[in-house]
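If you want the building blocks of each chain, they are given just below.
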Amino acid sequence: MAAILSRVRHDTYPKTDNAITEPRLIRWLLILVAISFLGLFLFMPLVAVFVEAFKQGTKLYFATFEDKYAVDAILLTLKIAAISVPLNLVFGLAAAWVITKFSYRGKSLLVTVLDLPFAVSPVIAGLIFVLIFSTTHGWLAEPLKEYNIRIIFALPGIALATVFITLPFIARELVPVMQAQGKDEEFAALTLGAGGWRTFFTVTLPNVKWGLFYGVILCNARAMGEFGAVAVVSGNIKGRTSTLPLYIETLYNEYNGVAAFTLASILSLLALLTLVLKNFVDWRVAKSRNNQDLNLSLFTFPPFTRPLAALPHEHPCPQHP
Amino acid sequence: MSIRALNIHKTFGNYKALDDVSLEVPEGRLVSLLGPSGSGKTTVLRILAGLEFPDPKTGATIEFHGEDVTNLSAGKRGVGFVFQHYALFKHMTIERNIGFGLRAKPRRERPGDEAIAARVKELLELVQLDGLGKRYPSELSGGQRQRIALARALASQPKVLLLDEPFGALDAKVRKDLRRWLRLFQEEIKITTVFVTHDQEEALELADEVVVMNNARIAQVGAPQDVYDNPVSPFVIEFLGNVNRFTAGVSKPSKSQATEGKSVLYVRPHDVDIRLTDENPHDYAIRSKIQHIFSAGNYARISLDRIGYNEPFEAEISREKLRQLDLKVGMIVSVVFRHIRVFAKGQFKESNVREDGQLVEVAG
Ligand SMILES: Nc1ncnc2c1ncn2[C@@H]1O[C@H](COP(=O)(O)OP(=O)(O)OP(=O)(O)O)[C@@H](O)[C@H]1O
Ligand SMILES: [Mg+2]
């Protein structure tokens, strides 16, 4: 009897404070599956990139950077990032602001549309831009030809496609942060006489700076790494419209493995740096949150400046007869 | 600066949050807006502040000291607003928080850095938190934060102070202390103040005048004592202070009030008199059993049950009397309602029950 009881006790109150506990075997199995997946699909490719890049020594690794086309690709990628990230910074802030600070009809539609770049295949996104801006068969072919503006197979097209692909990144990071923030601080600024811009720059922005920062680094990583949409709109002209990811593919197709992996290692480093920065942001946010919850018992009450007799009566109800 | 708000209507979607609310606050007075949750108190305050605007084309006007401010934006109205959850700027020091309004002024009116620093220091002294200027809001207690919020609201010398449940997030003790402090403070600087609360004790203790709100409308306006003593509706009497409620016909006194239709009898706990059963009983003595006794401070709160009717009610007697009568749980006592109010046909009738067992109607 006692044995049964103790077993019941044991079953009802598992040793771990986790309410959900699986038998040990299953737990280990799950962990094993997770780790092998991570190893197989994330860690190994990353290692492989560096192994392949350095396979024939550091000398050949650095020789890659003497290739004029490689340097052009790197510069173009930096240019594209420098154009599209600021544009999306402005757009992301505006979109997050409009989504969180006002309520109006059609708001959920806006939120859905914002996710479109996630849902659409990048190749299709690229094709749409070609369809619109191509000087041979695009919708805007006539005016573009008339004013001699090149968008497709040129830098504007690449920037456009990149902006489209990275559109949701910053807004998506900001919306939850701004939602948690609420509107009270902005209302306070308003009653204190601050105008819209001042409120935005001195109250709203500092409160979301870490979310914004994280959105920017994610957006940047994606802008530099985008392949599909850019491949369609750029035409992949070596030295002119070939971005880093496109040039890596070209090199690989030309059986130039070392050079391809060398350039790939730069993008991999960018990814690693992004993750490090993300962790840093998480740590900062956690730190400031802890600070806010800190309930210091510093309360010191001011001494009364007048005799207590002047105070309103303690009892809220009128006196009894 | 006096406040006058006339015919305020406010609709959110299909929901009518304010239905023809008018409100007047004389210069230098402290008025409490009191009402249950969702009655529209915050909405009134936000409309006064210019954070929200009345429905258009409903003839609403808001005047500060006779000047029409109905269409003025929040920043131009010169109001100080204190929020329930402080709404301090988290990433700024206390000094920066308090100085925010002064720094936000247009260049011509903006004081110099030294003048701002001096004013901030003065305000910190005013709210008795000098020395905390370099801290961040997260490093202060709730009560301290709310006083900083008050200092910030006062920095630009507003003409009107609006407080939305400023002590709602604080614990009972701190709340009580701050309430008194605010009262003294308001008397000293004589700023026209509107104070929102759903705590009736807070409203009655603080205000020169109480505006009771219910369901998007104003239920009653008056001095705290007046509203407490002469409620105009069952809602007000039930919302303000404790009251025992009996439906008509069940209790003896209401029978004599030639009542038709539904009527309700109200007795405040402190108008319930308890005697021992063998003392000369009369028509209006009700035999009841003591269920529970709780005494704190000067008063004892006694839960009773009317024998044979299963009608629980409460009495409040002095501790002294409790000792004299030597009341114990389970005792059968005789209870007299000294002062009763019967609500029938849309109005109250007040009566006293005299010592000799006579019912006397109170005129008025
Ligand atoms: N911006 C808004 N949009 C839609 N409905 C609103 C809005 N603001 C207030 N309401 C509604 O108006 C009603 C009154 O709200 P209000 O905030 O004025 O109540 P309150 O008396 O301050 O209540 P509490 O004591 O809970 O703060 C509520 O039913 C609320 O849901
Ligand atoms: Mg409210």
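All values reported here derive from a predicted model rather than from experimental measurement.

Undergrad: Could you give me a rundown of the nonpolar core, with the residues and numbers involved?
TA: In terms of nonpolar packing, the biggest core is built from 45 residues, with Ile98(B), Ile148(B), Leu150(B), Leu161(B) and Leu182(B) touching the most fellow members. For this core, the leading source of residues is helix α4 (residues 142-154) of chain B, giving 6 residues. Within the second largest apolar cluster, 40 residues are counted, among which are Phe187(A), Ala188(A), Ile62(B) and Phe100(B).

Undergrad: Could you give an account of the packing of aromatic side chains, naming the residues involved and the relevant values?
TA: The description of an aromatic ring pair uses the distance of the two centres, along with the angle that the planes make with each other. Tallying each qualifying case throughout the model produces 26 aromatic pairs over all chains. Note on Trp97(A) and Phe200(A): the rings are 5.6 Å apart at their centroids and 70 degrees apart in plane angle, and the pair reads as edge-to-face. You can see Trp97(A) sitting in helix α4 (residues 68-101) and its partner Phe200(A) sitting in helix α11 (residues 196-207), a full 103 residues away along the chain. Looking at Phe200(A), the relative accessible area reads 13%, which means it is buried. Between the aromatic rings of Phe81(B) and Phe83(B), the centroid separation amounts to 4.6 Å while the plane-to-plane angle is 45 degrees, which identifies the pairing as tilted. Overall, Phe83(B) belongs to the buried group, its relative accessible area being 5%. Put simply, the rings of Trp97(A), Phe102(A), Trp197(A), Phe200(A) and Phe201(A) touch in pairs and so form one group of aromatic residues. Of note, Arg46(B) hangs over the ring of Phe187(A), and the distance from its end group to the ring centre comes to 4.4 Å. If you follow Arg306(B) out to its NZ or CZ, it ends over the ring of Tyr309(B), 3.7 Å from the centre.

Undergrad: So what's going on with the pairing of strand β12 (residues 263-267) of chain B? Residues and values would help.
TA: All names here are of chain B. Buried residues dominate β12, accounting for 5 of its 5 residues. What you see with β12 is no split at all: Ser263, Leu265 and Val267 on one side and Val264 and Tyr266 on the other are buried throughout. Looking at chain direction, strand β11 (residues 244-247) and β12 are connected through 4 bridges and run antiparallel. Paired with phenylalanine 246 across the bridge in β12 is leucine 265. Bridge count between β12 and strand β18 (residues 339-344): 4 bridges; the pairing is antiparallel. Paired with tyrosine 266 across the bridge in β18 is arginine 341.

Undergrad: An account of unusual backbone geometry is requested, with residue identities and associated values reported.
TA: A negative phi holds for most residues other than glycine; trans holds for most peptide bonds. If you check the backbone angles, Tyr255(A) has positive phi at about 60 degrees while not being a glycine. Mapped onto the secondary structure, Tyr255(A) falls in the loop between α14 (244-253) and α15 (257-293). Using a relative accessible area of 78% as the deciding quantity, one classes Tyr255(A) as exposed. Here Glu165(B), not a glycine, exhibits a phi torsion of approximately 40 degrees, which is positive. In this fold, Glu165(B) is placed in the loop between β7 (160-164) and α5 (172-189).

Undergrad: Report on the confidence of the model for chain A, specifying residues and quantitative values.
TA: All names here are of chain A. Scored by pLDDT, chain A comes out at a mean of 82, with 83% of its residues at no less than 70. Taking the mean pLDDT of every element in chain A, the minimum, 42, falls on helix α1 (residues 2-12) and the maximum, 94, on helix α10 (residues 184-191). When the criterion is pLDDT under 50, residues 1-14 qualifies, and its contacts beyond four places in sequence or with other chains add up to 2 contacts. Note that pLDDT drops below 50 for residues 293-321; the model gives that stretch 50 contacts with residues more than four away or on any other chain.

Undergrad: An account of the pattern of salt bridges is needed here, citing residue identities and associated values.
TA: Residues and elements named next belong to chain B. Taken as a whole, this structure holds 34 salt bridges over all chains when the rule is applied. Close ionic contact of glutamate 95 with lysine 134 constitutes a salt bridge, the shortest N to O distance being 3.0 Å. Taken together, the residues span a long stretch of sequence, with glutamate 95 in helix α2 (residues 94-103) and lysine 134 in the loop between α3 (113-126) and α4 at a distance of 39 residues. The exposed category is assigned to lysine 134, whose relative accessible area is 62%. Aspartate 273 is paired through a salt bridge with lysine 321; the nearest N and O atoms lie 2.5 Å apart. Here aspartate 273 is found in strand β13 (residues 272-276), whereas its partner lysine 321 is found in helix α10 (residues 319-325), with 48 residues between them in sequence. One salt-bridge network, in which partners are shared between bridges, spans Arg175, Lys176, Arg179, Arg180, Asp199, Glu201, Glu202 and Glu205.

Conventions adopted
Residues numbered from 1 in each chain as written. Chains lettered and ligands numbered in written order. Predicted model: local features only at pLDDT ≥ 70, side-chain atom pairs only at ≥ 80, totals over all residues. Heavy atoms only, no water. Core = buried A, V, L, I, M, F, W, Y, C linked by side-chain atoms within 4.5 Å. Buried < 20%, exposed > 50% of the residue type's maximum accessible area, 1.4 Å probe, protein only. Helix = DSSP H or I, 4+ residues; strand = E, 2+ residues; numbered from the N terminus. Phe/Tyr/Trp six-rings, centres within 6.5 Å; stacked < 30°, edge-to-face > 60°. Lys NZ or Arg CZ within 6 Å of the ring centre and 35° of its normal. Pairing = 2+ DSSP bridges. pLDDT = per-residue confidence, 0-100. Contact = heavy atoms within 4.5 Å. Salt bridge = Lys/Arg side-chain N within 4 Å of Asp/Glu carboxyl O.

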